[in-house]
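As a plain string of letters, each chain reads:
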Amino acid sequence: MSRSRGILAASLALAILGGGLRAQHRVDLVRVELTGPTEEVRLHAGAGETVVDISLAEGEQRSLMIPLLARGTPGPDGEPEFLGAGAEGHGRFLEGTRSSAPPWNSLAPGLRRRSLPTLGADRPRPGRARLALLVAAALVALGLRRRPAGSLLVGAVAAVLIAVLPSRPSTAREVRVIEHDRARERSLEVIGGRDRVSLSAPECGWIRCLPSAPGLWLEVEVRGQESRWTAHATGARLFFQRESEVSLPEELRKLHLERVWIREPGEAWCVQDGWNPAGSAPFEGREGGPAPPGWLVSAVPQGVRVLLGRGSGPENRTTWLRAW
Amino acid sequence: MSGVSSSPPPFRTRVGVYALAWGLSVLPLLVSGELERSLGGGSRLILAALPWIGLIGLPWSDPAESPARGQERSGRRAWGVALGLALPPLVLAGWLDLRAGLEREAVLGIAGFVAMILVLLGEASHQASRGAIRLHGFCWLAIVPGAAALAASLSWAIDGQAAADGLAAILATVSPLSTLWRDFSGEPVSLAAAVLRPACLASALLLAFTWLAGRRRGETR
């Protein structure tokens, strides 16, 4: 009986873990040497392409750290495959750095999901062209009311046009969440966005793509000595996760928190606007103020002091802090 | 009154109702700000489809479809106008759902279910206008608004009693309205599972009964 339970529990755990990993991609860093002339280099490492946008003159060489999308489970992936480096340019693999296990892997998958910020408030809008088409189709279909087949045809054509009209990528702001466990001195940083997530420099980590999009790819823009990379997946919510080495006081100094919630053990949430946790002023929050967002308070630990904050961080991102 | 210069009043009224359904289905796609946030992450396709599901099968008596002895039927299916009006907002709502990150399989499941129900209820209403208006009216009332209203009333009034909850759950699966509404607040199903739901079977039976009754009436005329 107990053996059957064990097998059942193991199967369930594998199913849950497998489901969680399917949508998750590891981002490894590799150092490559590129030789010009080239304007664009494409690399593949098992789970998606990385396109490097770099301008190199003939014979010019450049050594770069490039992020690669590796398979979801840790394991040897080998060297990346160079798919193209311009007409005569070429690339050479130098060394690789593998990211560690998925962030806070010791937590249950359900608990790890709590770090994903909600992007629901940034739902896409229909756009003027689609709305105009919608109204025009309705007027024509009503005009053809004595010919139902004609109405149906007009509706079908308009529906196809609505589906295939080009649309701009979402301009929604990215959201950043910092989780900090003071007892274990561990931090997790999550950056979420629609259609794309951008980082200022290549970093190891994990990308969760919801729904799991086969079209996930990375773009690296190299301008002089600066490089910036972006993960793209049209129609998906993307979350980049990495273990942060930044300590909480250091992070608090960089953040400007507009609103802070604190919950002492066994008490209700207290809220105060404009309070700086890194400063010397005492917290004078009041009960009964605006409640923190549901996704932010879900599964926060009980019996300890919990601090939540909303502010703006680097690159004009809305930043949420969750520390206990 | 000439049939070419103006439609018979019931047909005109029916088209007016379809225009109302169009307005109601476009409304959730236009809201923004706090109102939109209050809708949460639920499927907009479901919200856009509810008015059509509720109105496309309304029982209508159309003189053009139940003519006097010796006259020709017009043969036009008014629900073709309804589908022509419904398709663009429904596709737009589905497109918004996909862009918002909803699973493709879930959106396809909802779309398949909605398409099947619209065709079944629309055709049932068309067949009813050929003479089986009373039977269709009774069955439509029971299946579409009746079962949904009864399920909601039972859930609200006898909360917590297992037997009543079971009955409410069964009734809710029969009505396409409550089936869709449960999808909005719960987990949507795949396309294959969506078209095999009790609400589809109930709508198909409604069409079959209405068609058979209309045929018998036509034979006795």
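Everything quoted here is computed from the prediction, not taken from an experiment. (Residues numbered from 1 in each chain as written. Chains lettered and ligands numbered in written order. Predicted model: local features only at pLDDT ≥ 70, side-chain atom pairs only at ≥ 80, totals over all residues. Heavy atoms only, no water.)

**Considerations on the overall build of chain A**
For step 1, the next point in the chain: Each helix and strand in chain A was counted, giving six helices and 16 strands.
For step 2, the next point in the chain: Among the 324 residues that make up chain A, the fraction classed as buried is 43%.
For step 3, the next point in the chain: Taking as baseline every contact in chain A between residues at least 6 positions apart, the subset at least 24 positions apart corresponds to 68%.
For step 4, the next point in the chain: With the model as given, the accessible surface of chain A reaches about 16200 Å², and the carbon-plus-sulfur share is 54%. (Helix = DSSP H or I, 4+ residues; strand = E, 2+ residues; numbered from the N terminus. Buried < 20%, exposed > 50% of the residue type's maximum accessible area, 1.4 Å probe, protein only. Contact = heavy atoms within 4.5 Å. Areas by Shrake-Rupley, 256 points an atom, 1.4 Å probe, with all protein chains shown as cover.)

**A short note on the overall build of chain B**
For step 1, the next point in the chain: Broken down by element type, chain B carries ten helices and zero strands.
For step 2, the next point in the chain: The helix and strand sequence of chain B, counted from the amino end, reads α-α-α-α-α-α-α-α-α-α.
For step 3, the next point in the chain: Counting across all 221 residues of chain B, residues that qualify as buried make up 52%.
For step 4, the next point in the chain: Roughly 10200 Å² of accessible area belongs to chain B as shown, and the carbon and sulfur atoms make up 66% of that amount.

**Regarding the nonpolar core**
For step 1, the next point in the chain: Ranked by internal contacts, the top residues of the largest apolar core, which has 56 residues, are B:Tyr18, B:Trp52, B:Leu85, B:Leu90, B:Leu118 and B:Leu180.
For step 2, the next point in the chain: Looking at this core, the elements with two or more residues in it are helix 3 (128-143) of chain A together with helix 1 (9-30), helix 3 (44-56), helix 4 (78-99), helix 5 (104-128), helix 6 (133-157), helix 8 (176-185) and helix 10 (198-220) of chain B.
For step 3, the next point in the chain: No other element matches helix 4 of chain B, which puts twelve residues into this core.
For step 4, the next point in the chain: The contact partners of B:Leu118, leaving out residues within four places of it in the chain, are B:Trp52, B:Ile53, B:Ile56, B:Leu83 and B:Leu90. (Core = buried A, V, L, I, M, F, W, Y, C linked by side-chain atoms within 4.5 Å.)

**Here's the deal with the pattern of salt bridges**
Residues and elements named next belong to chain A.
For step 1, the next point in the chain: A complete count under the given rule lists eleven salt bridges over all chains for this structure.
For step 2, the next point in the chain: Ionic pairing is found between Asp-53 and Arg-223, a salt bridge with its closest N-O pair at 3.1 Å. Of this pair, Asp-53 sits in strand 3 (residues 49-56) while Arg-223 sits in strand 10 (residues 217-223), and the two are 170 residues apart along the sequence.
For step 3, the next point in the chain: Under the relative-accessibility criterion, Asp-53 is labelled partly exposed at 24%.
For step 4, the next point in the chain: A salt bridge links Arg-322 to Glu-179, with the nearest nitrogen and oxygen atoms 3.1 Å apart. In this pair, Arg-322 sits in strand 16 (residues 318-323) while Glu-179 sits in strand 7 (residues 175-181), placing the two residues 143 residues apart along the sequence. With respect to class, Arg-322 is no different from Glu-179; both count as buried.
For step 5, the next point in the chain: Here the salt bridges do not stand alone but share partners, grouping Asp-53, Glu-221 and Arg-223 into one network. (Salt bridge = Lys/Arg side-chain N within 4 Å of Asp/Glu carboxyl O.)

**Thoughts on the environment of A:Leu56**
All names here are of chain A.
For step 1, the next point in the chain: Along the chain, Leu-56 turns up in strand 3.
For step 2, the next point in the chain: Relative accessible area serves as the criterion here: at 6%, Leu-56 is assigned to the buried category.
For step 3, the next point in the chain: As a C-alpha pair, Leu-56 and Pro-37 span 19 residues in sequence and 5.2 Å in three-dimensional space.
For step 4, the next point in the chain: When neighbours within four sequence positions are excluded, Leu-56 is seen to be in contact with Leu-34, Thr-35, Gly-36, Pro-37, Thr-38 and Arg-62.

**What to know about the pairing of strand 1 (residues 24-35) of chain A**
All names here are of chain A.
For step 1, the next point in the chain: With eleven of twelve residues buried, strand 1 is to be regarded as a mostly interior element.
For step 2, the next point in the chain: With four bridges joining them, strand 1 and strand 9 (residues 205-210) adopt antiparallel strand pairing. Bridge pairing in strand 9 links Arg-26 to Trp-206.
For step 3, the next point in the chain: Two elements, strand 1 and strand 4 (residues 61-70), share ten bridges in a ladder whose sense is antiparallel. Along strand 4, the bridge assignment pairs Arg-31 with Met-65.
For step 4, the next point in the chain: Here strand 1 pairs with strand 6 (residues 90-97) via seven bridges, running antiparallel. Looking at strand 6, one finds that Leu-29 is bridged to Thr-97. (Pairing = 2+ DSSP bridges.)

**Quick look at the packing of aromatic side chains**
Residue and element names in this part refer to chain B.
For step 1, the next point in the chain: Evaluated as defined, the whole model comprises four aromatic pairs over all chains.
For step 2, the next point in the chain: For the ring pair Tyr-18 and Trp-52, a centre distance of 6.5 Å and an interplane angle of 40° mean the geometry is tilted. In this pair, Tyr-18 sits in helix 1 while Trp-52 sits in helix 3, placing the two residues 34 residues apart along the sequence. Accessibility assignment for this pair places Tyr-18 and Trp-52 in one class, buried. (Phe/Tyr/Trp six-rings, centres within 6.5 Å; stacked < 30°, edge-to-face > 60°.)

**Some thoughts on the environment of B:Val26**
For step 1, the next point in the chain: When you line up the elements, B:Val26 lands in helix 1.
For step 2, the next point in the chain: Considering only alpha carbons, one finds B:Val26 and B:Pro88, 62 residues apart in sequence, at a separation of 9.5 Å.

**Section: helix 4 of chain B**
An α-helix turns once every 3.6 residues. As a result, residues three or four positions apart point the same way.
Residues and elements named next belong to chain B.
For step 1, the next point in the chain: Look at helix 4: 32 Å from first C-alpha to last across 22 residues, which is about the 32 Å you get at 1.5 Å a residue.
For step 2, the next point in the chain: At Ala-86, helix 4 shows its maximal bend, which comes to roughly 30°, and the proline Pro-88 appears one to four places after that position.
For step 3, the next point in the chain: Helix 4 sits mainly inside the fold: 19 of its 22 residues count as buried. (Expected span 1.5 Å × (residues − 1). Bend = angle between axes of the 7 residues up to and from the residue.)

**What to know about the confidence of the model for chain B**
Residue and element names in this part refer to chain B.
For step 1, the next point in the chain: When the pLDDT values of chain B are averaged, the result is 79; 79% of them are 70 or greater.
For step 2, the next point in the chain: Ranking the elements of chain B by mean pLDDT puts helix 2 (residues 33-38) last, at 71, and helix 3 first, at 91.
For step 3, the next point in the chain: Per-residue pLDDT stays below 50 along residues 1-8; that stretch engages in eleven contacts with residues further than four places along the chain or on separate chains.
For step 4, the next point in the chain: Every residue in residues 67-74 is under pLDDT 50, and counting partners more than four places away or in other chains gives eleven contacts. (pLDDT = per-residue confidence, 0-100.)

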